[in-house]
Amino acid sequence: MRFASSRKIYIRRGLTAMLVFVTAFFQHSGFIPELFGAPAMLLIPLTVCIAMFERSIPGMCFGVLAGLLWDFALSGADGFFSVMLTVTGFITGAMVTFIFRNNIRAALLLSFGALSLCNIFHWLMFIVRKGYEGGFELLFTRYVPSVFYSLIFVFIYYFSVKIIFDVTAE
């Protein structure tokens with residue numbers, strides 16, 4: 001009995017890890033086009049949706065995986081996205097355990113918060129701190145539209161992860 005349930009957990013987590021790898025490939029291959037110069041940050045809503053179903057510690061582990069894949073794809077990887085997605089996975093899992101219900105509205109709200117914080121921290125650390133000119137223009141032409149563009153993918157990822165969990169339910 002125990003082996004059958006743990007086997008389903010391994011299958012579920014394997015399918016979820018494959019979803020993370022496929023999403024990272026789509027995000028970094030240019031398959032998902034930019035919308036008016038704003039890139040889609042697909043791994044953030046995916047991390048939120050996974051953490052909503054897996055809860056805090058497994059959600060944090062999937063956040064580490066997604067963040068590492070994101071950082072490895074960048075030329076000057078500094079670990080920013082690894083840290084941000086690790087924290088996002090843990091906090092999202094904890095919030096769904098203790099505060100929020102697991103539904104699409106909560107996924108949209110938590111993804112909006114995670115996308116906003118990630119973009120604002122990235123803007124502050126890599127644009128404002130370095131003193132680039134036109135930083136505020138960049139905030140409103142690239143970072144803010146990226147938040148709203150990425151929110152579209154919450155629906156896809158929430159229901160994809162939900163299907164994985166329903167199929168591998170005990």
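All values reported here derive from a predicted model rather than from experimental measurement.

Any chance you could break down the overall build of the chain for me, citing the residues and the numbers?
Secondary structure assignment for the chain yields 6 helices and 0 strands. The C-alpha atoms of the chain give 16 Å as radius of gyration, which agrees with the globular expectation for 170 residues (15 Å, within 12%). If one aligns the C-alpha atoms of the chain with their principal axes, the spans along those axes are about 60 × 30 × 25 Å. Among the 170 residues that make up the chain, the fraction classed as buried is 44%. For the chain, the proportion of contacts with a sequence separation of at least 24, taken over those separated by at least 6, is 75%. With an accessible surface of roughly 9500 Å², the chain has 71% of that area assigned to carbon and sulfur atoms. Placing the 12 positive and 8 negative side-chain charges of the chain at their respective mean positions leaves the two points 14 Å apart.

Please set out the pattern of salt bridges residue by residue, giving values where relevant.
Inspection of every chain in the model, using the stated rule, returns 3 salt bridges. Of the charged contacts, one joins Arg12 and Glu54 as a salt bridge, the two residues approaching to 3.4 Å between their closest N and O atoms. Of the two residues, Arg12 sits in helix α1 (residues 2–29) while Glu54 sits in helix α2 (residues 43–54), which places them 42 residues apart along the sequence. On the basis of relative accessibility, which here comes to 11%, the residue Arg12 falls in the buried class. We classify Glu54 as buried; its relative accessible area is 6%. Across the pair Lys162 and Asp166 runs a salt bridge whose closest N-O atoms are separated by 3.8 Å. One end of the pair is Lys162 and the other is Asp166, both in helix α6 (residues 135–167) and 4 residues apart, which spans about a single turn. According to the relative accessible area criterion, Lys162 is partly exposed, its value standing at 32%. Salt bridges here are not isolated pairs; linked through shared partners, they connect Arg12, Arg13 and Glu54.

Which residues make up the packing of aromatic side chains, and what values go with them?
Applying the stated rule across the entire model yields 11 aromatic pairs. Residues Phe53 and Tyr158 carry aromatic rings whose centres are separated by 5.4 Å and whose planes lie at 45 degrees to one another, so their mutual orientation is tilted. A residue pair is termed long-range when its members are at least 10 positions apart, and Phe53 in helix α2 and Tyr158 in helix α6 qualify at 105 residues. Across this residue pair, the class does not change: Phe53 and Tyr158 are buried.

Summarise helix α3 (residues 56–73); cite the residues concerned and give the values.
Helix length check: α3 (18 residues) gives 25 Å between terminal C-alpha atoms against 26 Å at 1.5 Å per residue, within 8%. Restricting attention to buried positions, one finds in α3 the residues Ser56, Pro58, Gly59, Phe62, Gly63, Ala66, Gly67, Leu69, Trp70 and Asp71.

Describe unusual backbone geometry, naming the residues involved and giving the relevant values.
Here the phi dihedral of Phe36 falls at roughly 55 degrees; this positive angle occurs in a residue that is not glycine. Summarising the element assignment, Phe36 is placed in the loop between α1 and α2. The exposure class assigned to Phe36 is exposed, which follows from its relative accessible area of 78%. Residue Arg55 is not a glycine yet carries a positive backbone phi of 80 degrees. Within the fold, Arg55 resides in the loop between α2 and α3. The exposure class assigned to Arg55 is partly exposed, which follows from its relative accessible area of 33%.

Report on the nonpolar core, specifying residues and quantitative values.
In terms of nonpolar packing, the biggest core is built from 41 residues, with Val20, Leu43, Ile44, Leu46, Met52, Trp70 and Val161 touching the most fellow members. At the level of elements, α1, α2, α3, α4 (80–98), α5 (104–128) and α6 are the ones that each hand at least two residues to this core. With residues up to four places along the chain from it excluded, the contact list for Met52 reads Thr92, Val96, Arg101, Asn102, Asn103, Ala106, Ala107, Leu110 and Tyr158.

Scoring rules and cut-offs
Residues numbered from 1 in each chain as written. Predicted model: local features only at pLDDT ≥ 70, side-chain atom pairs only at ≥ 80, totals over all residues. Heavy atoms only, no water. Helix = DSSP H or I, 4+ residues; strand = E, 2+ residues; numbered from the N terminus. Rg over C-alpha atoms; globule rule 2.2 N^0.38 Å. Buried < 20%, exposed > 50% of the residue type's maximum accessible area, 1.4 Å probe, protein only. Contact = heavy atoms within 4.5 Å. Areas by Shrake-Rupley, 256 points an atom, 1.4 Å probe, with all protein chains shown as cover. Lys, Arg positive; Asp, Glu negative; His and termini not counted. Charge placed at Lys NZ, Arg CZ, Asp CG, Glu CD. Salt bridge = Lys/Arg side-chain N within 4 Å of Asp/Glu carboxyl O. Phe/Tyr/Trp six-rings, centres within 6.5 Å; stacked < 30°, edge-to-face > 60°. Expected span 1.5 Å × (residues − 1). Core = buried A, V, L, I, M, F, W, Y, C linked by side-chain atoms within 4.5 Å.

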